[in-house]
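Structural overview for review
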2 protein chains.
Amino acid sequence: MIPIQKNCKQLAKFYLGATGAAWELKCVSTVSSLFQPICLPPKDATLKKDEPTSKSQKLFSELGIVRQSSPGLFTLTPLGVRSLEKLVKIVDEELKNVGCQKLQLPILTAGNLWKKTGRWESTGLELLTVKDRHGRDYVLSPTHEEAITDLVAYLPQLTHKQLPLKLYQITSKFRDEIKPRFGLLRSREFTMKDLYTFDKTVETAQQTYELVCKAYDTIFQRLNTPFVKVAGSTGNIGGLSSHEYHFPSSIGEDDLRLCPFCHFGTNAELSPLDACTKCGSANMKATKGIEVAHTFLLGTKYSQVLNAFFSSDDGTRSVCQMGCYGIGISRILAASVEVLATDSEIRWPKLIAPYSVCVVAPKGGSKEESAIALAHFVASQIDQMKPFTQDVILDDRSTTTIGKKLIEAKRMGYPFIVVVGRKSMEQVPLVELYDLTKNTQNLFTVAQLFDYLKMSES
Amino acid sequence: MIPIQKNCKQLAKFYLGATGAAWELKCVSTVSSLFQPICLPPKDATLKKDEPTSKSQKLFSELGIVRQSSPGLFTLTPLGVRSLEKLVKIVDEELKNVGCQKLQLPILTAGNLWKKTGRWESTGLELLTVKDRHGRDYVLSPTHEEAITDLVAYLPQLTHKQLPLKLYQITSKFRDEIKPRFGLLRSREFTMKDLYTFDKTVETAQQTYELVCKAYDTIFQRLNTPFVKVAGSTGNIGGLSSHEYHFPSSIGEDDLRLCPFCHFGTNAELSPLDACTKCGSANMKATKGIEVAHTFLLGTKYSQVLNAFFSSDDGTRSVCQMGCYGIGISRILAASVEVLATDSEIRWPKLIAPYSVCVVAPKGGSKEESAIALAHFVASQIDQMKPFTQDVILDDRSTTTIGKKLIEAKRMGYPFIVVVGRKSMEQVPLVELYDLTKNTQNLFTVAQLFDYLKMSES
């Protein structure tokens, strides 16, 4: 065995010169210690032989990112949680940029609130409910219009100066799907971001609506995954108008109509015809989409029934104009992979890959064994580099070959894969960089590698 | 009105010299836009007139940090969520330091797993259960031993090399308390950190247990709130032995016995006698404690029933030795305030105050009005300073006096309060700093203020 720690200190001196003095071999995540319950064949109790599956479901299950525990109920493994937390951070940032504030409502909402709005009845069998020991009804909330409106209704002296209010949370939601399928795309328990806004007038509510939509656009642009925004049906949520964000995909359960001329789009539920209702063009293009977000201009549907009022300048009380806005957080993990992956290899939106960089070390006992220390050093260095802080995983498994590790790293879709192999044994050690975001492959010196990675914003 | 933006640019030049060129007035959180549903009297439906309440419940409710939505169910407002997220970050850091990996199990656990372990029956009325549309039973999990053990049981070829496994999550838990009370201290839905470990032997499980306890010690030391660790009863969780972490407090529901000689402690359930079972001293001191964490050396109670096995070097299969470890995340918010606050003013563990710094600006139309720009500038500067990044709130309310704002900031217990008032109108402007962590009050120039804050690690 190689004394990695000591070897690394020499390498540090070599590559970092005088600055290497302060260098330490920091703890990097390693594949050997990763809890990655790889699943072949999947333990998918609900999945009958001929039942359709989806790319993301298959790849997530096979690669140990998600694991089904019961029909429609999924565990996110450490890899899945990393992706989820990265996505949450992006959503937090963009919503805070437009003045939204994060809170946390209970998952259980009093049944009587749902009875007041009529949704206890209208939601049907999808609604999971529970009785407490005193026989009181609660809803395992699929959404929180009732809960948030009740909260705002009890605000002492809510005035027009405090509006608009923009309150959101990121929590678990429940829907008792008759047919849960496609893994995280249609599950019974899922992570959702739900935002609720309260405004003075229809006009300011419309402005708030546009502001939030702009934040949504930014979120999806940052994810760099093709998306369309279409007019949607308001359904059981209700309200004046709504828009849906979709990732176009053949596996999508919504039929969309997109106008190639004016770029207007609608859900086919709304306008099943071929002509564009906006520009009149006769050739709306049909496509399928996975809904990843939905915005509703609600009006006063909930605020009226639950008494969410504010007082104006002159003291008169008026009912709040509301909006509500969802983003399917866990669904986006699967939907983006659905769109970007090949049948056998995951491709993530770069910003939400579980790790940004995977460093592949040689197998123990191989000809390249002495380069193991270099791999540790390189991984540790990148892991302390600004855009990749604590975002590197080292494949240090001692009994697996470089070739097999490289294949697995590509299947996992780590955006940058660094192979420390045969070429690193040369006089001037070279490493290979696979940049999956550009689909390129380069031989670099270690210094060149660091420069290249620093240049590519994470 | 003062043109704040322009005024601030001049101030920046004045205080920051040449470097001020790059300076910008960044967006700081403000009290005027904060959603803080202050509650006087509390909308606490369950709280009868003579019912006992707790300091944290009263202060959290009055100051808009937590709001009851139904008996035992609470909304965390934006201030509460900020504290919670800070605490989560500390727990994440310390658990990752000892090799724990974060995952996310579903909140709903299949009822049949709970039936297999016998806890479907033994948990009693505290267990909230739900039937899906197909009539299948699920548990709204109060804890996840069954779920995690089932997950590990299905790992293909779990080998001794992969052990110990240390898997945790931070999610909502449910317990149908017969008498929810004291706000977040005994609620029916709460945020918990639960960690589960899997080991080869009783000995390695004991080592893992000690490692995790060390991480717990670090977490509570960082919170800098007095705590004791005592031997506990294993109760419905079961196992070989357990320890409880308590914040000593008269409101605590557990009776503890602490030995003043050897510092051994136990829950009085375990040893109600006055003599120390460790050193024999006759004078165990009685105290009350709020349980904030609990660790269990589980043995094979769950792994045996649910078949969590691993294979040894020689291929033989053995049952995993388990441990489980909880931290009451939302409970700690309340419990630490319970211990540190006065009857009328919150005091937080410094690291989990919703904001670390509150800057108090003068009232509009007051003699000090022209100092409003200085307050904006100071807040914005501190908000970009390393230990306080995005951790500053500016009390910019135009119709409230400095005096009233200062009283409120102290009630909220912001560790550092900067008052930009009368003294800031002098030739060399001075500001007041209230350091609640040291209980001191100083007059500083702006440069001195920045230096002082930089020196105090956040």
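Since the structure is predicted, the reported quantities are computational estimates derived from the model, not experimental observations.

Observations regarding the overall build of chain A
Across its full length, chain A carries 12 helices and 22 strands. For the C-alpha atoms alone, the extent of chain A along its principal axes is close to 80 × 55 × 55 Å. Burial statistics for chain A: of 458 residues in total, 58% are counted as buried. Relative to all contacts within chain A whose residues are 6 or more apart in sequence, the contacts with residues 24 or more apart total 68%. Seen as two clouds, the 55 positive and the 48 negative side-chain charges of chain A have centres 4 Å apart.

Here's the deal with the sheet that holds strand β6 (residues 129–131) of chain B
Residue and element names in this part refer to chain B. With respect to topology, three strands assemble into an open sheet ordered β5-β7-β6, the strand pairing being antiparallel. Sheet topology places β5 (108–110) and β6 at the edges, where each strand pairs with a single neighbour. Mean inter-strand twist for the sheet, computed between neighbouring axes without regard to direction, equals 35°. Both β5 and strand β7 (residues 137–140) contribute to a ladder of three bridges, which runs antiparallel. When the sheet's bridge partners are listed, A110 is paired in β7 with Y138.

Topic: the packing of aromatic side chains
Inspection of every chain in the model, using the stated rule, returns 20 aromatic pairs over all chains. A network of ring pairs unites the aromatic residues Y216, F220, F227, Y245 and F247 of chain A as a single cluster. When the ring centre of Y355 of chain A is taken as reference, the NZ or CZ atom of R82 of chain A above it lies at 3.8 Å. Over the ring of W114 of chain B we find R119 of chain B, and its NZ or CZ is 4.6 Å from the ring centre.

Details of the relation of the copies chain A and chain B
You can overlay chain A on chain B at an RMSD of 0.0 Å; the transform is a turn of 180° with a shift of 0.0 Å along its axis. In symmetry terms, the pair is related by a two-fold rotation axis. The C-alpha atom lying nearest the rotation axis in chain A is that of V130 of chain A; the distance is 2.8 Å. The residues that chain A uses at the interface reappear at the interface of chain B in 100% of cases, marking a shared surface.

Some remarks on the packing of helix α3 (residues 78–97) of chain A against helix α7 (residues 202–223) of chain A
Geometry of a packed helix pair, given as the angle between the helix axes and the separation of the axes. All names here are of chain A. At a minimum axis distance of 9 Å, the contact between α3 and α7 shows a crossing angle of 145°. For the element pair α3 and α7, the recorded crossing hand is right-handed. Here L87, I90, V91, E93, E94 and L95 of α3 come into contact with α7, specifically with A215, Y216, T218, I219, R222 and L223. Per-class residue counts for the contact of α3 with α7 are eight nonpolar, one polar and three charged.

Some words on the packing of helix α10 (residues 372–383) of chain B against helix α12 (residues 446–455) of chain B
All names here are of chain B. Remark: α10 packs on α12, axes separated minimally by 11 Å, with the N-to-C direction vectors making an angle of 25°. Between α10 and α12, the interaxial angle falls into the category roughly parallel. At the point where α10 passes α12, the crossing takes the right-handed sense. Residue-level inspection shows L374, F377, V378, Q381 and I382 of α10 in contact with α12, the latter providing V446, L449, F450 and L453. The class makeup of the residues in the contact of α10 with α12 is eight nonpolar, one polar and no charged.

As for the side chain of E368 of chain B
Residues and elements named next belong to chain B. As for its position among the elements, E368 is in the loop between β18 (357–360) and α10. Buried charge without a salt bridge: E368, with K367 as the nearest opposite-charge side chain at an N-O distance of 5.3 Å. If we skip the residues at most four places from it in the chain, E368 touches P362, G421, R422 and M425.

Describing the pairing of strand β12 (residues 254–258) of chain A
Residue and element names in this part refer to chain A. Where β12 meets strand β14 (residues 285–299), five bridges bridge the pair, whose relative direction is antiparallel. Bridge pairing links L258 to K285 in β14. Where β12 and strand β13 (residues 265–267) come together, three bridges link them in antiparallel fashion. By the bridge assignment, R257 is partnered in β13 with T266. The turn linking β12 back onto β13 is made up of six residues, and H263 within it adopts a positive phi angle of 65°.

Thresholds, definitions, all that
Residues numbered from 1 in each chain as written. Chains lettered and ligands numbered in written order. Predicted model: local features only at pLDDT ≥ 70, side-chain atom pairs only at ≥ 80, totals over all residues. Heavy atoms only, no water. Helix = DSSP H or I, 4+ residues; strand = E, 2+ residues; numbered from the N terminus. Buried < 20%, exposed > 50% of the residue type's maximum accessible area, 1.4 Å probe, protein only. Contact = heavy atoms within 4.5 Å. Lys, Arg positive; Asp, Glu negative; His and termini not counted. Charge placed at Lys NZ, Arg CZ, Asp CG, Glu CD. Pairing = 2+ DSSP bridges. Axes fitted to C-alpha atoms, helices over the stretch in contact; angles between N-to-C directions. Phe/Tyr/Trp six-rings, centres within 6.5 Å; stacked < 30°, edge-to-face > 60°. Lys NZ or Arg CZ within 6 Å of the ring centre and 35° of its normal. Least-squares fit on C-alpha atoms with pLDDT ≥ 70 in both. Left-handed = near helix turned anticlockwise from the far one by under 90°. Nonpolar A, V, L, I, M, F, W, Y, C, P; charged D, E, K, R; others polar. Parallel < 35°, antiparallel > 145°, perpendicular 65-115°, else oblique. Salt bridge = Lys/Arg side-chain N within 4 Å of Asp/Glu carboxyl O.

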